[in-house]
Amino acid sequence: MKKIFNLFDLKQKVNYSTEILSGLTVALALVPEAVAFAMIANLSPLIGLYAAFVMGLVTSILGGRPGMISGATGAVATVIAALALDKGAEYVFATVILAGIIQVIAGVFRLGKFMRLVPQPVIFGFVNGLAIIIFKAQLGQFKADSGEWLTGTPLMLNLGLVLLTMFIIWGLPKLTKVFPSSLAAILAIFGLVSVLGIDTKTVGDIASIDGGFPPFHIPDVPFNLEMLKLIFPYALVVAGVGLIESLLTLNIVDEITQTRGRGNKEAVAQGTANILSGMFSGMGGCAMIGQSLINISSGARARLSGITASVMLLMFIMFGSGIIEMVPMAALTGVMIMVSIGTFEWASLKTFRRMPTSDVIVMVVVVITVLMFDLAVAVLIGVIIAALVFAWDNAKRIRARKHVDENGIKHYEIYGPLFFGSVSVFNEKFDVKNDPEEVIIDFAESRVVDMSAIEALNKLTERYQKEGKVIHLKHLSEDCRKLLNNAEKLIDVNVMEDPTYKVVVDKV
């Protein structure tokens with residue numbers, strides 16, 4: 001029973017009113033997002049809403065980051081759109097289930113730790129690009145059904161309601177934080193439009209959200225190798241995109257709340273949620289940074305807010321569709337614009353002159369890639385560029401201090417890691433022809449990292465042997481020796497044991 005209490009954060013102090021009101025705000029913001037993403041994926045609006053309910057509920061209960069909100073997302077929608085158009089919803093459900101299985105496996109094998117490899121410039125680029133995407137998505141509310149921009153009175157009316165919403169969200173916390181400002185803004189605009197009879201676009205103008213409880217069923221697809229070959233590439237991308245977005249969102253929420261979530265637990269939760277989403281007629285999804293920031297900025301810190309948001313969303317679908325469809329889109333647009341403003345890392349612009357040029361380039365490239373492609377591709381490209389820059393910088397840092405002792409033995413004291421990027425510079429440090437009969441290469445402040453380094457030592461050894469000279473390796477750490485022992489057929493050098501030398505090796 002204790003485990004169940006802990007699961008719902010009953011062990012920690014929870015502000016129930018804040019959690020419930022925040023969850024209600026998030027539920028209202030989830031409706032247009034889920035509908036829009038379902039349409040992007042060429043699916044029924046209810047499929048997006050069902051995904052938002054299942055994903056939000058399961059990850060709120062099982063996830064590694066209390067307060068984080070999951071649901072149907074644009075990144076997943078763009079991946080499955082072609083499949084949905086070609087094969088239909090049932091293949092999408094099967095794909096989502098397979099993606100969930102992949103995510104559970106990733107969590108079980110603790111692959112979430114690889115998010116540590118994402119450098120800060122990539123996170124800045126990811127967040128800033130996402131903020132721009134959120135903002136651009138709201139511009140559609142300033143267009144007529146024909147696709148043309150609003151003009152005249154309709155434009156000024158819509159713009160005024162949006163600005164009023166933003167003003168309430170900005171100003172109310174300065175007066176009181178008892179009531180979530182986003183929810184207050186939505187209710188205020190809803191009341192104003194209803195009382196004055198203002199003719200403006202509502203949620204119901206986008207699509208009907210009237211429906212029942214998500215129907216459970218096994219996807220109606222042929223269970224054979226051909227079907228698996230078809231959906232596996234989509235499932236792999238959905239799983240990867242979902243994990244990247246979810247774990248990056250987790251990191252961002254960690255920074256805001258000054259707490260630490262559990263990435264591997266979140267990966268298992270995301271996978272479980274996707275499996276159940278596919279079985280309950282949902283399009284799947286992942287963590288949503290916009291809704292997560294609405295929740296966190298409203299003061300929510302526990303699982304109750306996410307559970308409330310999911311349950312309220314289901315209530316909207318089953319019983320309250322008539323009321324929710326009357327909510328003005330201008331109010332939700334204002335909320336999301338404030339989210340985009342809060343999401344953007346404005347501090348990153350101030351550090352342009354202080355950051356290394358390579359970091360600035362990485363951040364800008366990630367932003368551009370986010371806008372042109374998608375979030376997952378942007379993160380991968382950013383990590384690759386950052387890794388290449390890191391390798392290049394370290395390749396230039398290898399040094400060798402040289403001296404000849406009283407016995408006529410020449411010592412090369414190596415500084416910096418020996419790996420594929422630094423091999424060329426490393427080879428230039430040695431004067432094989434003019435060196436004495438015996439040479440010691442001291443790795444006390446260096447490290448043999450990879451096969452390229454081993455091959456470099458092998459070739460260096462051969463050069464000294466051809467000259468009839470002896471070469472020793474000194475002060476190799478335990479892991480370096482193990483690497484050399486594994487490659488003993490490739491390299492034959494004398495390793496000098498030094499019992500006083502110890503290296504702390506990372507066992508993680």
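Source: prediction; values computed, not measured.

A. A look at the overall build of the protein chain. Looking only at helices and strands, the protein chain features 21 helices and 7 strands. Structurally, the protein chain occupies a C-alpha span of about 100 × 55 × 50 Å along its principal axes. Across the 508 residues that make up the protein chain, the buried fraction comes to 51%. In the protein chain, the share of contacts with a sequence separation of at least 24, taken over all contacts with a separation of at least 6, comes to 81%. In the form shown here, the protein chain has an accessible surface area of approximately 24,500 Å², with 63% of it arising from carbon and sulfur atoms. Computed over 42 positive and 42 negative side-chain charges, the inter-centroid distance for the protein chain is 6 Å.

B. Main features of the environment of Gly-421. Here Gly-421 lies in the loop between strand E4 (410–418) and helix H19 (423–427). Spatially, the C-alpha atom of Gly-421 lies 8.6 Å from that of Ser-452, the residues being 31 residues apart in sequence.

C. Highlighting the side chain of Asp-435. Tracing the chain through its elements places Asp-435 in the loop between H19 and strand E5 (438–448). With relative accessibility at 4%, the residue Asp-435 sits in the buried group. In terms of polar contacts, Asp-435 uses its side chain to reach the side chain of Lys-410, at 2.8 Å. Only 2.7 Å separates the side chain of Asp-435 from the side chain of Tyr-412, close enough to count as a polar contact. Apart from residues no more than four positions distant in its own chain, Asp-435 is found in contact with Lys-410, Tyr-412, Tyr-464 and Lys-469.

D. Structural view of a nonpolar patch on the surface. On the surface, Ile-133, Ile-341, Trp-346, Leu-349, Phe-352, Val-364, Ile-368, Leu-371, Met-372, Phe-373 and Val-377 cluster together to form a nonpolar patch covering roughly 980 Å² of accessible area. At the level of elements, helix H16 (346–350) and helix H17 (357–372) are the ones that each hand at least two residues to the nonpolar patch. Of the residues forming the nonpolar patch, the biggest block, 4 residues, is contributed by H17. With respect to the secondary-structure elements, Phe-373 resides in the loop between H17 and helix H18 (375–395).

E. Seen up close, the layout of surface pockets. In this structure, the largest pocket encloses a volume near 890 Å³. Every residue lining the largest pocket is counted, 34 residues in all, and those nearest its centre are Glu-33, Phe-37, Ile-40, Ile-133 and Ala-137. Mapped onto the lining of the largest pocket, the elements with two or more residues apiece are helix H2 (16–40), helix H4 (74–87), helix H6 (120–138), helix H12 (289–297), helix H15 (329–343) and H17. With 7 residues, H2 is the largest single contributor of residues to the lining of the largest pocket. Along the lines of polarity and charge, the residues of the lining of the largest pocket split into 23 nonpolar, 7 polar and 4 charged. Taken as a whole, the second largest pocket holds about 640 Å³ of empty space. Around the second largest pocket, the lining is made up of 32 residues, and of these Leu-293, Ser-297, Ser-298, Met-338 and Gly-342 lie nearest the centre. Breaking the lining of the second largest pocket down by element, the ones donating at least two residues are H6, helix H7 (152–175), helix H8 (181–196), helix H10 (225–257), H12 and H15. In terms of residue count, the dominant contributor to the lining of the second largest pocket is H15 (6 residues). Across the lining of the second largest pocket, the residue classes break down as 18 nonpolar, 10 polar and 4 charged.

F. Just the environment of Ile-440, in detail. One can find Ile-440 in strand E5. For the pair Ile-440 and Leu-236, spaced 204 residues apart in sequence, the C-alpha separation works out to 50 Å.

G. Quick look at the domain arrangement of the protein chain. Domain annotation of the protein chain identifies domain 1 (16–388) and domain 2 (397–487). For domain 1 versus domain 2, the separation of C-alpha centres amounts to 53 Å.

H. View of the packing of aromatic side chains. Evaluated as defined, the whole model comprises 8 aromatic pairs. Between Phe-213 and Phe-280, the aromatic rings sit 6.4 Å apart at their centres with planes inclined by 85°, giving edge-to-face as the arrangement. Of this pair, Phe-213 sits in the loop between helix H9 (203–206) and H10 while Phe-280 sits in the loop between helix H11 (263–279) and strand E2 (286–287), and the two are 67 residues apart along the sequence. Look at Phe-213 and you get partly exposed, because its relative accessible area is 48%. Through a chain of ring-to-ring contacts, the aromatic side chains of Phe-53, Phe-213, Phe-216 and Phe-280 assemble into a single cluster. Between Lys-143 and the ring centre of Trp-149, over which it is positioned, the NZ or CZ distance is 4.8 Å.

About the thresholds
Residues numbered from 1 in each chain as written. Predicted model: local features only at pLDDT ≥ 70, side-chain atom pairs only at ≥ 80, totals over all residues. Heavy atoms only, no water. Helix = DSSP H or I, 4+ residues; strand = E, 2+ residues; numbered from the N terminus. Buried < 20%, exposed > 50% of the residue type's maximum accessible area, 1.4 Å probe, protein only. Contact = heavy atoms within 4.5 Å. Areas by Shrake-Rupley, 256 points an atom, 1.4 Å probe, with all protein chains shown as cover. Lys, Arg positive; Asp, Glu negative; His and termini not counted. Charge placed at Lys NZ, Arg CZ, Asp CG, Glu CD. Polar contact = N/O pair within 3.5 Å; in protein donor to acceptor, adjacent residues only side chain to side chain. Patch = residues over 30% accessible without salt bridge, like charges linked within 9 Å, V, L, I, M, F, W, Y side chains within 5 Å. Salt bridge = Lys/Arg side-chain N within 4 Å of Asp/Glu carboxyl O. 1 Å grid on protein atoms, 1.4 Å probe; cavity = no way out; pocket = protein on both sides within 12 Å on 5 of 7 lines; lining within 4 Å. Points joined across faces, edges and corners; volume = space filled by probe spheres on them. Nonpolar A, V, L, I, M, F, W, Y, C, P; charged D, E, K, R; others polar. Domains from an automatic or database assignment. Phe/Tyr/Trp six-rings, centres within 6.5 Å; stacked < 30°, edge-to-face > 60°. Lys NZ or Arg CZ within 6 Å of the ring centre and 35° of its normal.

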